[in-house]
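Below, each chain spelled out in residue letters.
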Amino acid sequence: MTVHAEAHSFDPAPVATLEFWGRTAEERETTFKELRDERPVSWHPPLEGNLLPLEKDGIWIVVRHADVVSVSKDWETFSSAQGVTMEEMPEDMAAAASSFLGMDPPRHTRLRRLVSSAFTPKQVKKIDDQINNQARRIVDDLLDVGDCDFVAQVSKRLPMWTIFEMLGVPQELREEGYRAADGMVAYLDEDAAAGQDALTFQMNALMTLLNIGVELAEERRARPTSDLMTNLVQAEVDGERLTDEEIGAFFVLLSVAGNDTTRNTTSLTMKALCDFPDQRKLLLEDYDGRITTAIEEFVRWATPVQTFRRTVTRDTELNGQKLHGGDWVVTVFASANRDERVFDDPHAFNILRSPNPHVAFGGGGPHYCLGNMLAKTQLRHLFKELLFRVKDIEVGAPTYLTSHFIRGVRAMPCTFTR
Amino acid sequence: MRIVVDRNKCTGLGICESLAPDHFEVNDEGALVVLRDSVSEDELDAVQQAVEGCPTEALRLEN
Ligand code: HEM
Ligand code: SF4
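This structure is a prediction, so every number in the text was calculated from the model and none was measured. Each chain carries its own residue numbering, running from 1 in the written order of its sequence. Here every chain gets a letter starting at A, and every ligand a number starting at 1, in the order they are written. Reporting in this predicted model follows two pLDDT cut-offs: at least 70 for local features of residues, and 80 or more for side-chain atom pairs to be given and counted; totals over whole chains, interfaces and linings ignore these cut-offs and use all residues. The basis for every side-chain value is the complete set of non-hydrogen atoms in the structure, without hydrogens or water.

Caption draft 1: Layout of the overall build of chain B. Going along the chain from the N terminus, every DSSP run of H or I of four or more residues is numbered as a helix, and every run of E of two or more is numbered as a strand. The secondary structure content of chain B amounts to two helices and four strands. Helices and strands appear in chain B in the N-to-C order β-α-β-β-α-β. On C-alpha atoms alone, chain B measures out to a radius of gyration of 10 Å, which is about the 11 Å that the 2.2 N^0.38 rule sets for 63 residues. In terms of overall dimensions, chain B has C-alpha extents of about 30 × 20 × 15 Å along its principal axes. Every one of the 63 residues in chain B was classed for burial, and the buried ones make up 44%. Put simply, 55% of the contacts in chain B that link residues at least 6 apart link residues at least 24 apart. In these tables, accessible area is a Shrake-Rupley quantity obtained with a 1.4 Å probe, and a residue counts as shielded only by the protein chains included in the view. Approximately 3400 Å² of chain B is accessible, and the part contributed by carbon and sulfur atoms is 43%. Asp and Glu are treated as the negative residues and Lys and Arg as the positive ones, with His and the ends of the chain left uncounted. Positions of charges follow a simple convention, taking NZ of Lys, CZ of Arg, CG of Asp or CD of Glu. Seen as two clouds, the 5 positive and the 14 negative side-chain charges of chain B have centres 8 Å apart. It is over C-alpha atoms that the radius of gyration is taken, and the globule rule equals 2.2 Å times the number of residues to the power 0.38. To sort residues, take the accessible area from a 1.4 Å probe on protein chains only and compare it with the maximum for the residue type: under 20% means buried, over 50% means exposed, and anything in between is partly exposed. What makes two residues a contact is simply this: any of their non-hydrogen atoms within 4.5 Å.

Caption draft 2: Region of the structure containing the sheet that holds strand E10 (residues 328–332) of chain A. Residues and elements named next belong to chain A. DSSP calls a pair of strands paired once it identifies at least 2 bridges connecting them. The five strands lie next to each other as E1-E2-E10-E7-E3, forming an open sheet whose pairing is mixed. The sheet is open, and its two edges are formed by strand E1 (41–44) and strand E3 (78–79), each paired on a single side. Across two bridges, the pairing between E3 and strand E7 (residues 307–312) is antiparallel. The residue of E7 that forms the bridge with Ser79 is Thr311. Across the sheet, helix H4 (residues 65–73) touches E1, strand E2 (59–62), E3, E7 and E10, and the angle it forms with E10 is around 125°. Throughout, an axis means a line fitted to C-alpha atoms (over the contacting stretch in the case of helices), and angles, computed between N-to-C directions, take values from 0 to 180 degrees.

Caption draft 3: Molecular detail of the coordination of the iron atom of ligand 1. You will see that the iron atom of ligand 1 has only one donor from the protein, A:Cys369 (SG), lying 2.3 Å away. Positionally, A:Cys369 belongs in the loop between helix H19 (333–336) and helix H20 (372–389). Coordinating N, O and S atoms are those within 2.8 Å of the metal (3.2 Å for Na, K and Ca), and as water is not part of the atoms, a site may appear to have fewer donors than expected.

Caption draft 4: Spotlight on helix H15 (residues 244–257) of chain A. All names here are of chain A. Under the convention used throughout, the expected extent of a helix is 1.5 Å for every residue step, that is, one less than its residue count. Taking 1.5 Å per residue, 14 residues should reach 20 Å; H15 reaches 20 Å between its end C-alpha atoms and fits that length. Counted residue by residue, H15 has ten buried out of 14 residues, so it is predominantly covered. Every buried residue of H15 is listed here: Ile247, Gly248, Ala249, Phe250, Phe251, Val252, Leu253, Leu254, Ser255 and Val256.

Caption draft 5: Representation of the pattern of salt bridges within the structure. Residues and elements named next belong to chain A. Whenever a carboxyl oxygen of Asp or Glu lies within 4 Å of a side-chain nitrogen of Lys or Arg, that contact is scored as a salt bridge. Counted under the stated rule, the structure contains 40 salt bridges over all chains. Of the charged contacts in the structure, one is a salt bridge between Asp128 and Arg380, with a shortest N-O distance of 3.5 Å. On the criterion of sequence distance, the pair formed by Asp128 in helix H8 (residues 128–145) and Arg380 in helix H20 is long-range, its members being 252 residues apart. Look at Asp128 and you get buried, because its relative accessible area is 16%. With relative accessibility at 29%, the residue Arg380 sits in the partly exposed group. In this structure, Asp288 engages Lys384 in a salt bridge whose closest nitrogen and oxygen atoms are separated by 3.1 Å. Separated by 96 residues along the polypeptide, Asp288 in helix H18 (residues 287–302) and Lys384 in helix H20 bring together distant segments of the chain.

Caption draft 6: Focus on the packing of aromatic side chains. Residues and elements named next belong to chain A. Only rings of Phe, Tyr and Trp enter the pairing, Trp through its six-membered ring, and a pair is recorded when the two centres are within 6.5 Å. The plane angle decides the type: under 30 degrees is stacked, over 60 is edge-to-face, the rest tilted. All told, the structure shown has 17 aromatic pairs over all chains when counted by the stated rule. Within the aromatic cluster, the residues linked to one another by ring pairs are Phe276, Phe298, Trp301, Phe349 and Phe383. In our convention, an over-ring charge means Lys NZ or Arg CZ found within 6 Å of a ring centre and within 35 degrees of that ring's normal. Across the ring face of Trp328, the terminal group of Arg309 is positioned such that the distance to the ring centre comes to 3.4 Å. Sitting above the plane of the Trp301 ring, Arg338 keeps its charged end 4.9 Å from the centroid.

Caption draft 7: Representation of the site of ligand 2 within the structure. The full set of residues close to ligand 2 is B:Cys10, B:Thr11, B:Gly12, B:Leu13, B:Gly14, B:Ile15, B:Cys16, B:Leu32, B:Cys54, B:Thr56 and B:Leu59. Buried and open spaces are told apart on a 1 Å grid over the protein atoms alone, a cavity being a set of points where a 1.4 Å probe fits but cannot get out and a pocket being an open set with protein on both sides within 12 Å along at least five of seven lines. Residues with an atom within 4 Å of a point are the lining residues. Each molecule is checked against the cavity or pocket grid, and it sits inside if more than half of its atoms lie within 2 Å of the grid points. One can see that ligand 2 is located within the largest cavity. To be near a molecule or strand, a residue needs just one of its heavy atoms within 4 Å of it.

Caption draft 8: Fine view of the site of ligand 1. Residues and elements named next belong to chain A. Around ligand 1, a shell composed of 28 residues is seen, among which His108, Arg112, Arg310, His367 and Cys369 lie nearest. N or O atoms within 3.5 Å of each other form a polar contact, as long as, within protein, one can give a hydrogen and the other can take it, and as long as residues adjacent in sequence are counted only when both atoms are side-chain atoms. A distance of 2.7 Å separates an oxygen atom of ligand 1 from a polar atom in the side chain of His108. With respect to ligand 1, the side chain of His367 contributes an N or O atom lying 2.7 Å from an oxygen atom. Elements with a minimum of two residues in the shell around ligand 1: helix H6 (107–116), H15, helix H16 (260–275) and E7. Each residue belonging to the shell around ligand 1 can be placed in one class, and the counts come to 18 nonpolar, eight polar and two charged. In the scheme used here, Gly and all other residues not listed as nonpolar or charged are polar, with Ala, Val, Leu, Ile, Met, Phe, Trp, Tyr, Cys and Pro taken as nonpolar and Asp, Glu, Lys and Arg as charged.

Structure below.
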């Protein structure tokens, strides 16, 4: 181990600190730009303030688009089976929370297929009308309420509604489920955690979600319907039914992955459309003709999933840097999506940008976002309602979440003409 | 041109279907069905986009 430690000295950029992830995205981008230009694969001390004391002596930070894509695609060299976030989590907790997100093929493939059939273009088209209706209802309510917190009144509502609707979660469990899903990523944030330590806070949120998932599974075993949970309790992998633990983990993964991502894209896009009125005008001139291209830019701009982590399975090289088996590699999507080697004028919000090979849904490979079409459907309907029905909507300064994982907006005031 | 699918890589997400619906369809079991594996001149553009859009690089075009 000493040899390893001597071989690399730590990079001076303070990327693996909570303080860094408490800064604004623009401030972080200055550091990422420096790394992209000068030290694209850099070595850092492990993140402080983590859930568990870290056993690694350092972590690699990968910031260029091309390298993020190589790591994401090569799952044989860069494994997901030993965790996917920048910090160590207790093993049982990771297993309970991440399901197939934290697995490699072939097991990953078998489990993912059980839910992926609910996310195909045909299936998403089937729920298109329901999502549209729900988007309309959310904007009806917004118009009733008047000036308010945009996150609570708008951004929060559609993602969880959609995923709980697909899974068949009964109304009376939804409030509790919403709160717990929030808690799963907000644990690093002192305000959100309200005095509890990070581990306790996240563990409570996790247990709540698991319980809802298992309760729902039991209900569907007894009384099958046509929802996703019914498919899950009836599915077989290698001739065996899924256990409660496996179903619970599915439930947690879908609740977490389908929640903050679309929600924060909504908030950050609303802000961008207010900050850049020319782009808003351009979109309104031909909404149906431009929205598909625009949504790619919404997601690139927001990049709500900032980082993922892989573990190196064998000695290898990445962009000239030698990596050893067991090393941790963090891919920074937030940086790759501003890489000037790939994007012209990367700091411009350009709704007509094309091509737009952003990595906001992942850099490709087996873990590429399962919900990407679902997310796009939600964004398309919601922004149509917001931009055409809410007169002169404007948003104020957002308060951000401190997290190395999710780029989150906790609150953001909005005003409009009634 | 002919479409070739690497079944070991395909995860059945259907991005190809959303880009070239005449050639690809993911069925109710979540498996990719190639509706037509031959590609004519005027379809090439859409199919090419599907090949490039596939996140797992499961699609290839062969002569
Ligand atoms: C704008 C919204 C969204 C963004 C930016 C986003 C982003 C991502 C990213 C970056 C990954 C990891 C990819 C990788 O490691 O290569 C991912 C995976 C995943 N996403 Fe999304 N996501 C969004 C919406 C959704 C929605 C609505 C769902 C619905 C449930 C969802 C479900 C999933 C699942 C289940 C995975 C794990 C896939 C796997 O490991 O095989 N996502 N997403
Ligand atoms: S886009 Fe690629 S992975 Fe998805 S269904 Fe088509 S071929 Fe399979």
